[in-house]
Amino acid sequence: MSETPASLADLSVEDLLAFLPDGNGRLNDKMGVQLVEVSAERVVATMPVEGNTQPFGLLHGGASVVLAETLGSIGSAIHAYPAKIAVGVDINATHHRAATSGVVTGVATAIHLGRSSTSYDVVITDEQDRRVCTSRITCALLDAPKA
């Protein structure tokens, strides 16, 4: 992307990733996170279980939290831009069931889009649409640095 957009709200996934300083982010690249849908109200991504497991072969709980934080942070950034930047200040996760193979899908739904903070509910499901993890993330919105 060659020019600075006035808003991130109408960008495609590809254009958003091209605009972000580190694209998808190095951790997300290592973990195989793939954005599917992006808006301030809803962000969707997938992540493979393989390569993101703990020693017993189950999806690592930390991997689920990485996916949840990615989704909430991207939605927050879209909401905040251009006047503010989003920084995560709180995240929690409840792990409901194990995933041992395939791909999980995370869906972040905005529950608060304010002037100084945002919050998202994030539901991560397996390929059978069974809930693997529920997370909530809150981001503070700080003034963007002056150019």
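Numbering of residues starts from 1 in each chain and follows the order in which that chain's sequence is written. In keeping with the predicted nature of the model, local features appear solely for residues at pLDDT of at least 70, side-chain atom pairs appear and are counted solely at 80 or more, and the whole-chain, interface and lining totals rest on all residues. Excluded from the side-chain calculations are hydrogens and water; all other atoms, namely the structure's heavy atoms, are used.

What follows is about the sheet that holds strand 2 (residues 42-48). A pair of strands is treated as paired once DSSP finds two or more bridges between them. A helix here means a DSSP run of H or I that spans at least four residues, while a strand means a run of E at least two residues long, and both kinds are numbered starting from the N terminus. The sheet built from six strands is open, its strands ordered 1-2-4-5-6-3 with antiparallel pairing. Where the open sheet ends on each side, the last strands, each with one partner, are strand 1 (34-38) and strand 3 (84-95). Along the sheet, successive strands turn relative to each other by an average axial angle of 20 degrees, direction set aside. Examined bridge by bridge, strand 4 (residues 103-113) and strand 5 (residues 117-125) share eight bridges and lie antiparallel to one another. Directly across from Ala 108, in strand 5, lies its bridge partner Val 122. Running at roughly 150 degrees to strand 3, helix 3 (residues 61-80) makes contact with strand 1, strand 2, strand 3, strand 4, strand 5 and strand 6 (131-143) of the sheet. Under this scheme, a helix contributes an axis fitted over its contacting stretch, all axes are lines through C-alpha atoms, and angles between N-to-C directions fall in the 0 to 180 degree range. Whether two residues are in contact is decided by their heavy atoms, any of which lying within 4.5 Å being enough.

Between the rings of Phe, Tyr and Trp (Trp by its six-membered ring), a pair exists once the centres lie within 6.5 Å; its type follows the angle of the planes, with under 30 degrees stacked, over 60 edge-to-face, and the other angles tilted. On inspection of all chains with the given rule, the structure shows one aromatic pair. For the pair Phe 19 and Tyr 81, a centre-to-centre distance of 5.5 Å together with 80 degrees between the ring planes defines the contact as edge-to-face. Residue Phe 19 is located in helix 1 (residues 13-19), and its partner Tyr 81 is located in the loop between helix 3 and strand 3; the two are separated by 62 residues in the primary sequence. For Tyr 81, a relative accessible area of 18% translates into the label buried. Burial classes: relative accessible area under 20% of the type maximum marks a residue as buried, over 50% as exposed, and values in between as partly exposed (1.4 Å probe, protein chains only).

What follows covers the side chain of Ser 39. Secondary-structure assignment places Ser 39 in the loop between strand 1 and strand 2. In this structure Ser 39 touches Gly 75 and Ile 78, once residues within four positions along its chain are discounted.

Those residues carrying the UniProt feature "domain: Thioesterase" (unreviewed entry) are residues 56-133 in this numbering. With 26% helix and 45% strand, residues 56-133 has its two end C-alpha atoms placed 18 Å apart. UniProt positions are given in the numbering used here, feature names are shortened, and annotations may be inferred rather than shown by experiment.

The subject of this paragraph is the pattern of salt bridges. By definition, a salt bridge exists where a carboxyl oxygen of Asp or Glu is found within 4 Å of a side-chain nitrogen of Lys or Arg. What the rule picks out here adds up to four salt bridges. With a closest N to O distance of 2.9 Å, Glu 37 and Arg 42 form a salt bridge. Residue classification places Glu 37 among the partly exposed positions, given a relative accessible area of 31%. A salt bridge links Lys 84 to Asp 143, with the nearest nitrogen and oxygen atoms 3.2 Å apart. Pair noted here: Lys 84 is in strand 3 and Asp 143 is in strand 6, with a separation of 59 residues, a long-range link. For Lys 84, a relative accessible area of 27% puts it in the partly exposed group. With a relative accessible area of 59%, Asp 143 lands in the exposed category.

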